[in-house]
Amino acid sequence: MSTYIFVLGKDPELSMAELLARYPESKPQMKCADFVLLDLKKPLSQKEFDQLGGQIKAGKVFDTADKKYLVPKIADHLSVEHYAGKLNYGVSVYGWSEKNLRALLPDLKKEFKRRGISSRFVNQHFLNISAAQHKGLSGGKEVLVCKEGPDFHLAEVVAVQDIDAYSKRDYEKPFRDMKVGMLPPKLAQIMINLTGSEGAIWDPFCGGGVLIMEGLLMGHKMLGSDIDEETLQGAKRNVEWVKKEFAVKTTAELFAHDATDPVPLKQFDAIACEGYLGPPQNRLRSKREFAPLVSRLSQLYQLFFAALKSAGFKGSVVIGLPFYRTREGELELSEVIRGAEKTGFRKELDLKYARKDQLVGRQILRFRLV
Ligand SMILES: C[S@@+](CC[C@H](N)C(=O)[O-])C[C@H]1O[C@@H](n2cnc3c(N)ncnc32)[C@H](O)[C@@H]1O
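Everything numeric here is computed off the predicted structure, so don't read it as measured data.

### A look at the sheet that holds strand S3 (residues 35–40)
And then number 1: Read from one edge to the other, the open sheet built from 8 strands follows the order S2-S3-S1-S4-S8-S7-S5-S6, with strand pairing classed as mixed. A single partner strand is all that each edge strand has here, and the edge strands are strand S2 (29–30) and strand S6 (119–121).
And then number 2: Of the pairings in the sheet, the one linking S2 to S3 comprises 2 bridges and is antiparallel in character. Within S3, the residue paired with Met-30 across the bridge is Val-36.
And then number 3: Along the sheet face, helix H1 (residues 12–22) touches strand S1 (2–8), S2, S3 and strand S4 (55–66) and points at about 150° away from the line of S1.
And then number 4: Strands in contact with helix H4 (residues 101–114) are strand S5 (87–94), S6 and strand S7 (141–148); relative to S5, the strand with the most contacts, it is inclined by about 150°.

See the structure below:
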């Protein structure tokens, strides 16, 4: 058993929910908005970390120290396997102001000099190490210094978000339909993890198939359907592309289906989906202007949940709904949520995913039939 620190993404609560769903037995503990501490039975690999869209980096804890021992303890750890040449390293701090790097990094350098070791830290402008900078460490290590009360957990980074792979999947896939709004691959991974399922997952509003692609990469059997035949052809092209580019062996079944019709007679354990978000918004509107769209979407989801109820589907249903920023504040599709609850589904999770400047955000919900 080893203790790990996970540095959370820009929506910490969603990132935390992902860890809780993925590692329920490890009892993840959120120590501040920046990081989580959790015990894992098996060593964490980069491959496993690549399936966690809500996490920025992870480090294996090697010590917990008082502030006055930080420098010697970090120096001990970084120099233990260093035999010759320049020692490259980086330090990032969490739960503690980055300003502290202004003293910590030069103090460490002095400590190495005192020990007769020539060293170089890769931090730029005394700021934390980004995922891109981490790659430039060329064999050197990155240490995380994470403050919890008077103590500092020290961890060596073992996995970092692969930003290049995410942007390849996001921007290089052959079918991109800007009209339907595309789910970011990281959010698709979070949603899949939130199902808590290791088996087959159905996306009944699959669009261009982002959830399908991410699910396949995570080793799930995936089923995807959409009402629109042309979009479905696009999803098929994307799936073929991801299978070829990322050597995926699992399969996806894609078929035309109206999500308000009776649930197809197919095997799946969970549902993860993002339905229609409405047309792209280019200006701040009033709540009233959204009324026709809200009523249309409420009807659509009402029928969808009714179909799931009729089928007696007991697995988790993770769904991304739009919410709109209006002149009068945020407008959620509360009717959809109330409707699902009236139909017999319990809301287990309700979190938001949005940039501050976005007019349309996503509300990520998990329901289960009770
Ligand atoms: C926002 S898109 C999904 C985007 C998708 N998550 C992606 O990242 O590519 C919503 C999709 O729902 C589909 N849709 C709308 N109404 C539907 C219905 N009643 N049944 C099935 N699919 C439907 C649309 O054709 C569209 O492709």
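So, next bit.
### Quick look at unusual backbone geometry
And then number 1: In this structure, Phe-126 is a non-glycine residue whose phi angle is positive, near 55°.
And then number 2: Although it is not a glycine, Ala-247 sits at a positive phi angle of roughly 45°.
And then number 3: Tracing the sequence through the fold places Ala-247 in the loop between helix H9 (229–245) and strand S11 (252–256).
And then number 4: In this structure Ala-247 comes out as exposed when scored by relative accessible area, which is 57%.

### Topic: the domain arrangement of the chain
And then number 1: The assigned domain composition of the chain is domain 1 (2–161) and domain 2 (164–369).
And then number 2: One C-alpha centre belongs to domain 1, the other to domain 2; they are set 34 Å apart.
And then number 3: Listed by partner, the interface residues are 15 residues for domain 1 and 18 residues for domain 2.
And then number 4: Both faces considered, domain 1 and domain 2 share a buried interface measuring about 1400 Å² in area, 57% of it formed by carbon and sulfur atoms.
And then number 5: Three residues, Leu-14, Gln-51 and Gly-53, lead the burial of domain 1 against domain 2; their summed loss comes to 37% of the area buried on that side.
And then number 6: Across the domain 1-domain 2 interface, the total number found is 1 salt bridge.
And then number 7: Taking the shortest distance from any N to any O, the salt bridge between Asp-164 and Lys-135 comes out at 2.6 Å.
And then number 8: Our enumeration of links across domain 1 and domain 2 arrives at 7 residue pairs in polar contact (both at pLDDT 80 or more).
And then number 9: By residue class, the composition of the side of domain 1 that touches domain 2 is 4 nonpolar, 4 polar and 7 charged.

### A look at the pairing of S7
And then number 1: Burial analysis of S7 places 6 of its 8 residues in the buried class, which makes it a mostly covered element.
And then number 2: Pairing geometry for S5 and S7, over 6 bridges, is parallel. Opposite Tyr-89, over in S7, you have Lys-141 as the bridge partner.
And then number 3: Where S7 lies against strand S8 (residues 151–160), 6 bridges are found, and the strand directions are antiparallel. Looking across to S8, one finds that Glu-148 is bridged to Asp-151.

The rules behind each value
Residues numbered from 1 in each chain as written. Predicted model: local features only at pLDDT ≥ 70, side-chain atom pairs only at ≥ 80, totals over all residues. Heavy atoms only, no water. Pairing = 2+ DSSP bridges. Helix = DSSP H or I, 4+ residues; strand = E, 2+ residues; numbered from the N terminus. Contact = heavy atoms within 4.5 Å. Axes fitted to C-alpha atoms, helices over the stretch in contact; angles between N-to-C directions. Buried < 20%, exposed > 50% of the residue type's maximum accessible area, 1.4 Å probe, protein only. Domains from an automatic or database assignment. Buried area = accessible area lost by both parts, 1.4 Å probe. Salt bridge = Lys/Arg side-chain N within 4 Å of Asp/Glu carboxyl O. Polar contact = N/O pair within 3.5 Å; in protein donor to acceptor, adjacent residues only side chain to side chain. Nonpolar A, V, L, I, M, F, W, Y, C, P; charged D, E, K, R; others polar.

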